[in-house]
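Take a look at the letters that make up each chain.
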Amino acid sequence: RRENKDILRFEKNGAQISTFEMSDKNGLQKAVEDVDTVIHLAGATKTLTEKDMFMVNVEYTENLLDACDKKNIHFVYISSQAAAGPALSPDKPVVESDIPKPVTWYGKSKLEAEIRVRNWGEKNNGLFTIIRPPSVYGPREKDIFACFKLMKKNIAFSMGFKTKKLSVIYVKDLVQAISHAVGNIKPEGGTYFASSDDPYTWEELFSAIARAMDKNKYLSLKLPEFTAFPVAMVSEIIAKATKKPALLNFQKIAEMKEDFWICSNSLLRSTGWKPTFSIEEGMKETVEWYIKNGWL
């Protein structure tokens, strides 16, 4: 196996580490022996093709479900708000009972994986829980990290001229939500959004990043949506040539065009969980980690 700091850190805290490919069905069978809970966090957020996205997020989930079949295992699947899709208005955040309307490969693949989990649950006494976080930020995160890199250059960016809002969650709050689901919620096939209490506009998000980075002045850019298409086209060409998925591609544009990526955490809150990190606290810790580890 490949040693790295994360593995050593987990082992130092008493974890036993096994590494294997999610396509390795025999390895998965061995990994879940004598296990009472499986938390499935593995997945892809960007790929070169839709087929690759479904292979990683759906087929590999199916492999893990097969390994857990008939073993009295509580299967906790970490999905995404992308599986549910955006809200239609700022005063009606998406809730668990809404009909899912994903808009990207990623969202569609996560929804299909949820369906596979529910089908598995029908044969396994409903021993599963699905958690849907919105955009997650924090140490080691690489997508929203692009916003931090822009702010380092004293730039804030948003696409379009409408007010767009999004729900977010700090990674430590998400970890607590997962722990809460395992320890305090009876596994009976529930689905829960895990997010901060309030949504934020992109301007508010960049403002929080600026405060965490001690930036008093920065340039706020609002670009028409159509300007993103040529950039995405170039990114897609480069991605195909290098065989590395681009951060800004047509799938990401489909996400960014939506006005309200907001969800409600009311159902999960009703079980006793609540987010504990303010946006200021989360951003401060995130910036400190990025600087300490040479990302910024």
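Here the structure is shown first, and the text comes after it.
**Q** A description of the nonpolar core should follow, citing residues and the corresponding values.
**A** Ranked by internal contacts, the top residues of the largest apolar core, which has 25 residues, are F148, I279 and M283. When contributions to this core are tallied by element, the ones reaching two or more residues are α5 (145-152), β7 (168-170), α7 (202-212) and α11 (279-292). With six residues, α7 is the largest single contributor of residues to this core. With sequence-adjacent residues up to four places away left out, I279 is seen in contact with Y137, V168, Y200, L205 and A208. By size, the runner-up hydrophobic cluster in this structure holds 17 residues, among which are M22, L65, F75 and A113.

**Q** I'd like to hear about the pattern of salt bridges, residue by residue, with values.
**A** Following the criterion strictly, the structure yields twelve salt bridges and no others. We note a salt bridge from E62 to R116, for which the minimum N-O separation is 2.8 Å. Here R116 lies in helix α4 (residues 105-123) and E62 lies in helix α3 (residues 50-68), a separation of 54 residues in the sequence. Between R132 and E114 there is a salt bridge, with its nearest N and O atoms 2.9 Å apart. With R132 in strand β3 (residues 128-132) and E114 in helix α4, this residue pair connects regions lying 18 residues apart in the sequence. Given a relative accessible area of 2%, R132 falls into the buried group. On the basis of relative accessibility, which here comes to 0%, the residue E114 falls in the buried class. By sharing partners, the salt bridges in this structure join E62, E112 and R116 into a single network.

**Q** Help me get a handle on the pairing of strand β2 (residues 74-78), residues and values and all.
**A** The buried fraction of β2 is high, at five of five residues. Neither face of β2 is left uncovered, since the one carrying H74, V76 and I78 and the one carrying F75 and Y77 both have all their residues buried. Across four bridges, the pairing between strand β1 (residues 37-40) and β2 is parallel. When the bridges of β2 are listed, V38 appears paired with F75. With α3 bridging β1 and its parallel neighbour β2, the resulting β-α-β unit is right-handed. Judged from the four bridges that link them, β2 and β3 form a sheet pairing that is parallel. Bridge assignment links V76 to a residue of β3, and that residue is T129. This β-α-β element, β2 to α4 to β3, shows right-handed connectivity.

Rules used throughout
Residues numbered from 1 in each chain as written. Predicted model: local features only at pLDDT ≥ 70, side-chain atom pairs only at ≥ 80, totals over all residues. Heavy atoms only, no water. Core = buried A, V, L, I, M, F, W, Y, C linked by side-chain atoms within 4.5 Å. Buried < 20%, exposed > 50% of the residue type's maximum accessible area, 1.4 Å probe, protein only. Helix = DSSP H or I, 4+ residues; strand = E, 2+ residues; numbered from the N terminus. Contact = heavy atoms within 4.5 Å. Salt bridge = Lys/Arg side-chain N within 4 Å of Asp/Glu carboxyl O. Pairing = 2+ DSSP bridges. Right-handed = clockwise from strand over helix to strand, strands pointing away.

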